[in-house]
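Here's the letter readout for the chains.
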Amino acid sequence: MKSPVHRCRDTEHGRGQSGAGAGNNYLQTEQRIPISKDVITSSSASAMWFIRDACGIVCAVITWMLVFYAEFVVLFVMLLPSKSLTYSIVNGALFNALAFLALASHLRAMCTDPGAVPKGNATKEYIESLQLKPGQVVYKCPKCCSIKPDRAHHCSVCKRCIRKMDHHCPWVNNCVGENNQKYFVLFTMYIALISLHSLVMVVFHFLNCFEDDWTSLLFLIFTSVMFGTQVHSICTDETGIERLKGETGKWGKVPCWKAMEMAFGGPFSLSWCSPFAGLSCKKSPQEHITVPQGEIIEEDVIEIPLT
C-alpha cells in the first residue's frame, strides 16, 4: 500500500491532469466554487509557534544584535557625550521606546502562527465532517496533505499551507500571513523610525562627518520600502505570492480601509501601533480540533457530489 505522501500529487502544476482522470466526477474549472477559509481553520493558532530553521534563527539573532548595536551607538556615542542633559534624556527615551516596540513587534511576528492550515486532514471522514454544500470543490496540498482554503499557499520552510501567505521572511524566521502581518508591518515601521531618528541625530551633531555614516540611511531605505510594500499589499487585498502567480481578482476584494481594519484588528485606534494588542476582529480559531481519522484521499481536487 502506498503511503499518504506518495499518493499526493502536485496541485500547483497538475490540477488539470488530476481532473481529467476523474471522469464526470469533477466540475469544469469555471464552475468550481472554492471553499472558504472560514470552514477550514488553524488548530495551532493558540499554541506557541516557532520555526526550527537554522538560516531563519541566525537572521533573527542578527536582527536583534543590530538593534542592540544601534542602542550602544546612540547612547554611548551620541547622547552621553552631549552637554545638554535634556536633549540626551528626551532622545534617549524616544529611541529606547521605539527600539522596544520594534523588538516586541519582531517577537510577535516570529512567534505568532501566521495562519497555518491543519496538517494531514485530507481524509474522506474530515471532508464529510465539514458538511459542505453540493457542488463545492476543495483542493488538497500534495506536500502537507491538507485541505487548502481559498488563498492559501504552501511554504517549503514552514512545511505548512499558510492562509493569505505574502512571503517567508528569514529576518523574522516566519511566514508573513493572515495572522501576523500586522506585527511585521509594525516591525518594519519602528525600524524605519529608529533609522530616521538616528539619522537626524547624526546630521544634527556630525554634519561634517555624514559621509562616513551610511548605516542609518541604508536601514531607513530598506525598511521603508518593506513597510510600503506591505501596506500596499493590505490596501489592495493582494499578497506578494498572488501578484507573482497572477491570481489577481479571483476573490472578492474588500475596500482599502476595510482591509486595513481586518489586518490591524478593528477600527482605527492607538492599538494599531501596539504589538501587544490582539487581532480582536478576527474570528477565534477552533481550538483542539479533532480531525476524524482515516486514509489520505488520492485526488487533489475533490467535488462534493450534487444530490
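Residues numbered from 1 in each chain as written. Predicted model: local features only at pLDDT ≥ 70, side-chain atom pairs only at ≥ 80, totals over all residues. Heavy atoms only, no water.

> So what's going on with the overall build of the chain? Residues and values would help.
A tally of regular secondary structure across the chain gives nine helices and eight strands. Within the chain, the proportion of its 307 residues that are buried is 47%. Counting contacts in the chain only where the partners sit at least 6 residues apart, residues at least 24 apart contribute 73% of the total. (Helix = DSSP H or I, 4+ residues; strand = E, 2+ residues; numbered from the N terminus. Buried < 20%, exposed > 50% of the residue type's maximum accessible area, 1.4 Å probe, protein only. Contact = heavy atoms within 4.5 Å.)

> Explain the environment of Gly265 residue by residue, including any values.
Counting through the fold element by element, Gly265 comes out in the loop between helix H9 (256–264) and strand S8 (301–303). By relative accessible area, which is 9% here, Gly265 ends up buried. On a C-alpha basis, the gap between Gly265 and Asn179 in space is 9.8 Å, while along the polypeptide they are 86 residues apart.

> Give me the lowdown on the pattern of salt bridges, citing residues and values where you can.
Evaluated as defined, the whole model comprises one salt bridge. Among the salt bridges present, the one from Arg163 reaches Glu178, with a minimum N-O distance of 2.8 Å. You can see Arg163 sitting in strand S5 (residues 160–163) and its partner Glu178 sitting in the loop between strand S7 (174–176) and helix H6 (181–205), a full 15 residues away along the chain. As far as burial versus exposure is concerned, Arg163 and Glu178 are alike and both buried. (Salt bridge = Lys/Arg side-chain N within 4 Å of Asp/Glu carboxyl O.)

> Help me get a handle on the nonpolar core, residues and values and all.
Core analysis: the biggest nonpolar cluster contains 30 residues, and Val74, Val172, Ile191, Ile194, Met201, Ile234 and Phe264 have the highest contact counts within it. Among the secondary structure elements, those contributing two or more residues to this core are helix H3 (54–79), helix H4 (85–111), H6 and H9. Top contributing element to this core by residue count: H6, with ten residues. With nine residues, the next largest nonpolar core counts Trp49, Ile51, Cys155 and Ile162 among its residues. (Core = buried A, V, L, I, M, F, W, Y, C linked by side-chain atoms within 4.5 Å.)

> So what about a nonpolar patch on the surface? Which residues, and what values?
There is a patch of nonpolar side chains on the surface, built from Val58, Ile62, Leu66, Trp171, Phe219 and Phe222 and spanning about 520 Å² of accessible area. In terms of residues, the nonpolar patch owes the most to one element, H3, which gives three residues. Here Phe219 shows up in helix H7 (residues 215–236). Judged by relative accessible area, Phe219 falls into the partly exposed class, the value being 30%. (Patch = residues over 30% accessible without salt bridge, like charges linked within 9 Å, V, L, I, M, F, W, Y side chains within 5 Å. Areas by Shrake-Rupley, 256 points an atom, 1.4 Å probe, with all protein chains shown as cover.)

> Tell me about the confidence of the model for the chain, and please be specific about residues and values.
On average, residues of the chain carry a pLDDT of 75, and 69% of them reach 70 or more. Confidence drops under a pLDDT of 50 for residues 1–46, and excluding neighbours within four residues, the segment shows 100 contacts in the predicted structure. Scored below 50 in pLDDT, residues 280–289 shows 18 contacts in the model against residues more than four places distant or in partner chains. (pLDDT = per-residue confidence, 0-100.)

> How would you summarise unusual backbone geometry if you had to cite specific residues and measurements?
In the Ramachandran plot, Lys159 falls in the positive-phi region, its phi being about 60° despite a non-glycine side chain. If you trace the backbone, Lys159 turns up in the loop between strand S4 (152–155) and S5. One non-glycine residue, Lys164, lies in the positive phi region at around 50°. Here Lys164 shows up in the loop between S5 and strand S6 (167–169).

> Describe H3, listing the residues and the values that go with them.
Along its 26 residues, H3 runs 36 Å from first to last C-alpha, staying within 8% of the 38 Å computed at 1.5 Å per residue. Restricting attention to buried positions, one finds in H3 the residues Gly56, Cys59, Ala60, Thr63, Val67, Glu71, Val74, Met78 and Leu79. (Expected span 1.5 Å × (residues − 1).)

> Tell me about the pairing of S5, residues and numbers included.
Side-chain alternation along S5 places Arg160 and Ile162 on one buried face and Cys161 and Arg163 on a second face that is also buried. Sheet topology places S4 next to S5; four bridges connect them, and they run antiparallel. Within the sheet, the bridge partner assigned to Cys155 lies in S5 and is Arg160. Between S4 and S5, which follow one another and run antiparallel, lie four residues, and Lys159 among them has a positive phi close to 60°. (Pairing = 2+ DSSP bridges.)

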